[in-house]
Amino acid sequence: MNQIWNPEYETMAREERRDLQFKRLQMTLRWAYDNVPFHHERWTALKLKPGDIRSLDDLAKVPFTAKADFTAAYPYGLFAVPLEKVVRIHSSSGTKSTPVVVGYTRGDLNTWAELCARVAVGGGARSHDVAQIAFGYGLTTGAFGMHAGLERIGATVIPAGTGNTRRQLQIMRNFSTTVLVCTPSYAMYIAESAADMGFDPRELGLRVGLFGSEPWTNQLRDELERRTGMSATDNYGLSELMGPGVSYECQMKDGLHINEDHFLVEVVDPQTGELVPEGKEGELVFTSLTKEAVPAIRYRTGDLSSVSYRPCVCGRTFARHTKVYARTDDMLIIRGINVYPSQVEAVLMDIERVEPHFQIIVSREDVLDQMEVQIEVEPSFFPDAMAKLLEFQHHVEEQLRQELGVRVRVRLVEPKTLPRHTGKAQRVIDKRVTG
Ligand code: DLL
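Note that this is a predicted model, so its numbers are computed, not measured.

Draft legend 1. Quick peek at the domain arrangement of the protein. In terms of domains, the protein is made up of domain 1 (1–329) and domain 2 (332–434). For domain 1 and domain 2, the distance between their C-alpha centroids amounts to 30 Å. At the interface, 23 residues of domain 1 touch 18 residues of domain 2. When the buried surface of domain 1 facing domain 2 is broken down by residue, Tyr189, Glu192 and Gln219 rank first, second and third, together holding 27% of it. Taken together, the connections running from domain 1 to domain 2 amount to three salt bridges. The closest approach of N and O atoms between Lys416 and Asp196, which form a salt bridge, is 3.1 Å. Along the contact surface separating domain 1 from domain 2 lie 11 residue pairs in polar contact (both at pLDDT 80 or more). Mapped by element, the contributors of at least two residues to the side of domain 1 that touches domain 2 are helix H8 (184–196), helix H9 (218–228) and strand E15 (326–327). Sort the elements by how many residues they give to the side of domain 1 that touches domain 2 and H8 lands first, with six residues.

So, in structure tokens, the structure goes:
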């Protein structure tokens, strides 16, 4: 059933919300200017003052910020309050660069719980649910954010953390878990492990999956829903803005609703930084409207998506963005052609008898880029004749070539030999970079 956690804000008329956004934007800009020397100095150099921003459209005059600004300010340089007022620190995983460090005041934690409550209810969780959180409890934001949101709606929270997948499944069975919260790749691994332990994951009684923190396709959603019987929704966020709670799908599963009363969204051309029109793909840029400890000003996420203001049948009036399939820095250039790992996932998931695990190996041979996609095929395939396997391999190569526009090698590997992930999946090994 469609339910909305906070109808006052989630269904507010657009015009009314724009007024609210503008008021909050003015407060945020003033707050950042007065309390963060980094912003003060940059705007002063541009002869810009918070008062010069007289409408939401004027925001375009304000300079962007990016991950590099967090790196340069590591760890506390972008904080707008003294540590005395900060009650929590989180940090992104930093797999690709210096970790981003963020802080939360008491007020920020309260907002975060509210926004994650919207995510939970949007995805179908209710107060009677038992929610197992299989994100890592540590410096990263996924577990703590969703934990607070689910507690706020009155669900029973099991802070399972990541890893020890067998134990994860035992908890699920013994504690009657109905909601699973983790990355979609870990959910797939859990489902697969259930089958290995000799039972059908559909018997677990899972109703709802709240998945996010990495790109995943609708095809993977269908597969997860088919294997587990739950309704799987996507939610998006990033540490620089607060963690999960930035946007979320409702039961329609038709775009992610942006919590626009707390985050102002813009979409820009990743090359030029110019705004792109509604519906056109570009890089998501967010400005926080209520954050106290670390206000985010025109933060360039590196995430590619498009935004629509078309109303949703669920009744929420928030803008929606399409699923984030790629980051600007995820893109592989193979012999001059741009390839995103999610395109590979989409092709593979449409081919029968391919398991939902894959690895991309990129290398350079005689100055030419080579891309190999390793896939597992269903165990039932292996007794078949070699000729059939080869035929299948060529079929997958052809499907990938058609979609990506570049020839790739496909290597079929034994079931269960590719790495499984308990957090964000690492799909690409680029030997051109790692040597
Ligand atoms: O991944 C926050 C989060 C936790 C979101 C749990 C949802 C659920 P970071 O570790 O800072 O924060 O990574 C942020 O992950 O810029 C995207 O590139 C990617 N990302 C996050 N959610 C999604 C999603 C958390 N639903 C970065 N789809 C972001 C695609 C996502 N990519």
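Next comes the rest of the description.
Draft legend 2. The arrangement of the sheet that holds strand E11 (residues 282–288) in detail. The four strands are arranged E10-E11-E12-E15 in an open sheet whose pairing can be described as antiparallel. Of all strands in the sheet, those bounded by a partner on one side alone are strand E10 (263–268) and E15. Of the pairings in the sheet, the one linking E11 to strand E12 (residues 299–305) comprises four bridges and is antiparallel in character. Bridge pairing in E12 links Glu283 to Leu304.

Draft legend 3. The nonpolar core, seen in detail. One finds Leu150 and Phe286 to be the most contacted residues of the largest nonpolar core, which totals 53 residues. It is helix H5 (residues 106–122) that provides the largest number of residues to this core, a total of seven residues. Ignoring anything within four residues of it in the chain, the contact list for Leu150 reads Ala120, Ala125, Ala131, Ile133, Ala155, Val157, Val181 and Leu210. Ile334, Val339, Leu348 and Phe358 belong to the second largest nonpolar core, which has 24 residues in total.

Draft legend 4. Examining the packing of aromatic side chains more closely. Under the criterion given, the structure shown has nine aromatic pairs. Their ring planes at 80° and their centres at 5.9 Å tell us that Phe211 and Trp216 sit as a pair that is edge-to-face. By the ring-pair criterion, three or more aromatic residues cluster together here, those being Tyr236, Phe263 and Phe286. Looking at Arg221, its charged tip hangs above the ring of Trp216, at a distance of 5.7 Å from the centre.

Draft legend 5. Molecular detail of the pairing of strand E2 (residues 101–105). E2 sits mainly inside the fold: five of its five residues count as buried. The alternating pattern of E2 places Val101, Gly103 and Thr105 and Val102 and Tyr104 on opposite faces, both of which are buried. Pairing geometry for strand E1 (residues 86–91) and E2, over five bridges, is antiparallel. In the sheet register, Val86 faces E2, and the bridge partner there is Thr105.

Draft legend 6. Spatial organisation of the environment of Leu289. In this structure, Leu289 sits in the loop between E11 and E12. A relative accessible area of 2% places Leu289 in the buried class. With 92 residues separating them along the chain, Leu289 and Met197 place their C-alpha atoms 47 Å apart. Contact partners of Leu289, with chain neighbours within four places excluded, come to Gln21, Arg24, Leu25, Thr28, Glu260, Asp261, His262, Phe263 and Leu264.

Draft legend 7. Region of interest: the site of the ligand. The immediate surroundings of the ligand are formed by 20 residues, with Ser213, Asp234, Asn235, Ser239 and Asp303 found nearest. Separating an oxygen atom of the ligand from a side-chain N or O atom of Asp303 is a distance of 2.6 Å. Between the ligand and Arg327 there is a distance of 3.2 Å, counted from an oxygen atom to a side-chain nitrogen or oxygen. With the chains in place, 93% of the 610 Å² that the ligand exposes on its own is no longer accessible. When residues of the shell around the ligand are assigned to their parent elements, the largest contribution, five residues, is made by strand E7 (residues 231–238). Class assignment for the residues of the shell around the ligand results in six nonpolar, nine polar and five charged.

Rules and cut-offs
Residues numbered from 1 in each chain as written. Predicted model: local features only at pLDDT ≥ 70, side-chain atom pairs only at ≥ 80, totals over all residues. Heavy atoms only, no water. Domains from an automatic or database assignment. Contact = heavy atoms within 4.5 Å. Buried area = accessible area lost by both parts, 1.4 Å probe. Salt bridge = Lys/Arg side-chain N within 4 Å of Asp/Glu carboxyl O. Polar contact = N/O pair within 3.5 Å; in protein donor to acceptor, adjacent residues only side chain to side chain. Helix = DSSP H or I, 4+ residues; strand = E, 2+ residues; numbered from the N terminus. Pairing = 2+ DSSP bridges. Core = buried A, V, L, I, M, F, W, Y, C linked by side-chain atoms within 4.5 Å. Buried < 20%, exposed > 50% of the residue type's maximum accessible area, 1.4 Å probe, protein only. Phe/Tyr/Trp six-rings, centres within 6.5 Å; stacked < 30°, edge-to-face > 60°. Lys NZ or Arg CZ within 6 Å of the ring centre and 35° of its normal. Near = heavy atom within 4 Å. Areas by Shrake-Rupley, 256 points an atom, 1.4 Å probe, with all protein chains shown as cover. Nonpolar A, V, L, I, M, F, W, Y, C, P; charged D, E, K, R; others polar.

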